[in-house]
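Here's the letter readout for the chains.
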Amino acid sequence: MRKVIGIGETVLDIIFRGDQPVSAVPGGSVFNALISLGRSGVRTSFISETGNDRVGRRIISFLEENGVDASNVNVHKDSKSPLSLAFLNENNDAEYVFYKDHPHDKLDFIYPEVNTDDVVMFGSFYAVNPVIRQQVAGFLEHAKSHGAIIYYDVNFRASHRNDVMKITPNLLENLEMCDIVRGSSEDFEVLFGHKGADKIYRTDISFYTHNFILTQGSDAVELRAEGGISRSYPVEPMETVSTIGAGDNFNAGFVYGIISEGITHEQIKAGLSNEQWDKLIANAQLFSAECCKSINNYVSKEFGKKRSEI
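All values derive from a computational prediction rather than experimental measurement. (Residues numbered from 1 in each chain as written. Predicted model: local features only at pLDDT ≥ 70, side-chain atom pairs only at ≥ 80, totals over all residues. Heavy atoms only, no water.)

1. Re the overall build of the chain
Consideration 1: Tallying secondary structure elements over the chain gives ten helices and 13 strands in all.
Consideration 2: Taken over the C-alpha trace, the chain has a radius of gyration of 18 Å; the compact-globule value for 310 residues is 19 Å, and the two agree within 12%.
Consideration 3: Over its C-alpha atoms, taken along the principal directions, the chain stretches across nearly 50 × 45 × 45 Å.
Consideration 4: Restricting the contact set of the chain to residue pairs at least 6 apart, pairs at least 24 apart contribute 73%.
Consideration 5: Split by element, the accessible area of the chain, about 13700 Å² in all, is 50% carbon and sulfur.
Consideration 6: Within the chain, the 42 negative side-chain charges are centred at a point lying 2 Å from the centre of the 30 positive side-chain charges. (Helix = DSSP H or I, 4+ residues; strand = E, 2+ residues; numbered from the N terminus. Rg over C-alpha atoms; globule rule 2.2 N^0.38 Å. Contact = heavy atoms within 4.5 Å. Areas by Shrake-Rupley, 256 points an atom, 1.4 Å probe, with all protein chains shown as cover. Lys, Arg positive; Asp, Glu negative; His and termini not counted. Charge placed at Lys NZ, Arg CZ, Asp CG, Glu CD.)

2. Points about the packing of aromatic side chains
Consideration 1: Taken as a whole, this structure holds 18 aromatic pairs when the rule is applied.
Consideration 2: On the numbers, 4.6 Å between centres and 25° between planes, the contact of Phe16 with Phe87 is stacked. In this pair, Phe16 sits in strand E2 (residues 11–17) while Phe87 sits in strand E6 (residues 80–88), placing the two residues 71 residues apart along the sequence.
Consideration 3: A residue is classified by how much of its surface remains accessible, and Phe16, at 12% relative accessible area, is buried.
Consideration 4: Consider the rings of Tyr96 and Phe98, whose centres lie 5.7 Å apart with planes at 10°: the pair is stacked.
Consideration 5: In this structure Phe98 comes out as partly exposed when scored by relative accessible area, which is 41%. (Phe/Tyr/Trp six-rings, centres within 6.5 Å; stacked < 30°, edge-to-face > 60°. Buried < 20%, exposed > 50% of the residue type's maximum accessible area, 1.4 Å probe, protein only.)

3. Quick word on unusual backbone geometry
Consideration 1: With a phi angle near 75°, Asp117 is a residue other than glycine that sits in the positive phi range.
Consideration 2: For Asp117, a relative accessible area of 15% puts it in the buried group.
Consideration 3: Positive phi, normally seen in glycine, also occurs at Ser124, with a value near 65°.
Consideration 4: With respect to the element layout, Ser124 can be found in the loop between strand E8 (119–123) and helix H3 (133–145).

4. What to know about the pairing of strand E5 (residues 68–76)
Consideration 1: With seven bridges connecting them, strand E4 (residues 43–51) and E5 associate as parallel partners. Residue pairing across strands places Glu49 opposite Asn74, the latter belonging to E5.
Consideration 2: Since E4 and E5 lie parallel, the crossover through helix H2 (residues 54–65) that links them has a hand, and here it is right-handed. (Pairing = 2+ DSSP bridges. Right-handed = clockwise from strand over helix to strand, strands pointing away.)

5. Observations concerning the pattern of salt bridges
Consideration 1: Under the counting rule described, the total for this entry stands at 13 salt bridges.
Consideration 2: For Glu173, the salt bridge goes to Arg133, with nearest N and O atoms at 2.8 Å. Of this pair, Glu173 sits in helix H4 (residues 164–177) while Arg133 sits in helix H3, and the two are 40 residues apart along the sequence.
Consideration 3: Given the relative accessible area of 29%, Glu173 is considered partly exposed.
Consideration 4: For Arg133, a relative accessible area of 8% translates into the label buried.
Consideration 5: For Lys279, the salt bridge identified is with Glu261, shortest N-O distance 3.8 Å. Here the residue Lys279 occupies a position in helix H9 (residues 274–291), and Glu261 occupies one in the loop between helix H7 (246–260) and helix H8 (265–270), the gap between them amounting to 18 residues.
Consideration 6: Given a relative accessible area of 37%, Glu261 falls into the partly exposed group. (Salt bridge = Lys/Arg side-chain N within 4 Å of Asp/Glu carboxyl O.)

Here it is in structure tokens:
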């Protein structure tokens, strides 16, 4: 049975409307995607770290409750779990403030088993953080050598703008290792100062990897892919409760599509058809829209149960 292995951060997301907290849920970019995949019946495993406190224990139990293997979550004995304050505006988009107390970060884990056509998901600042780069890059190289499909979500927030020069070599190495890269228009504006799918693909992406997805909030999703494929997918207008997990669940739906459609590493390498890309993006948009219907960062259990029965 194919599986999805994620590597990324864990946080407790405290969500505010105005100045009042309205919810507190376990989160993290790859974390959110894995919860949705676990709820949808996909075999999942998570490589991460957390603090030795009540929040850390809740994060690990939440993973396990949702079918995600948490045996490779490293618990830092002398530190507290990270917090993220997310302030929702009138459009239900979030502005973030992060608090992290890992003074001696050292990601320590045993590589989980990786087989051909398993999917590895990674992204955010965690994917380029110089402090844990050796461990992250080592696992990615291991996964690539075992025939895994590598899916990279750039997800580089403006709060790290001053780190761009420092992390650029790690970013380029990630692009070179991945099979599919997704990023938002904000990501590439922060990183390179570039706008527009064609400009970003031609200037920043295509030299390293040929399969690129650009998300632009409520504007169309743009695809540039192997074989000269160029496609645009409108985003259906909808009422949102929160957009915090929208991108993470786009990733989850896309990877769910890879598994459910039986798409292999060799097929991606050779170039997918328009029809295959259409199905993958449709799944991605479906998961993303579902997540935006609630204050949580993941699809509902009911939605996931229906996917697991397909």
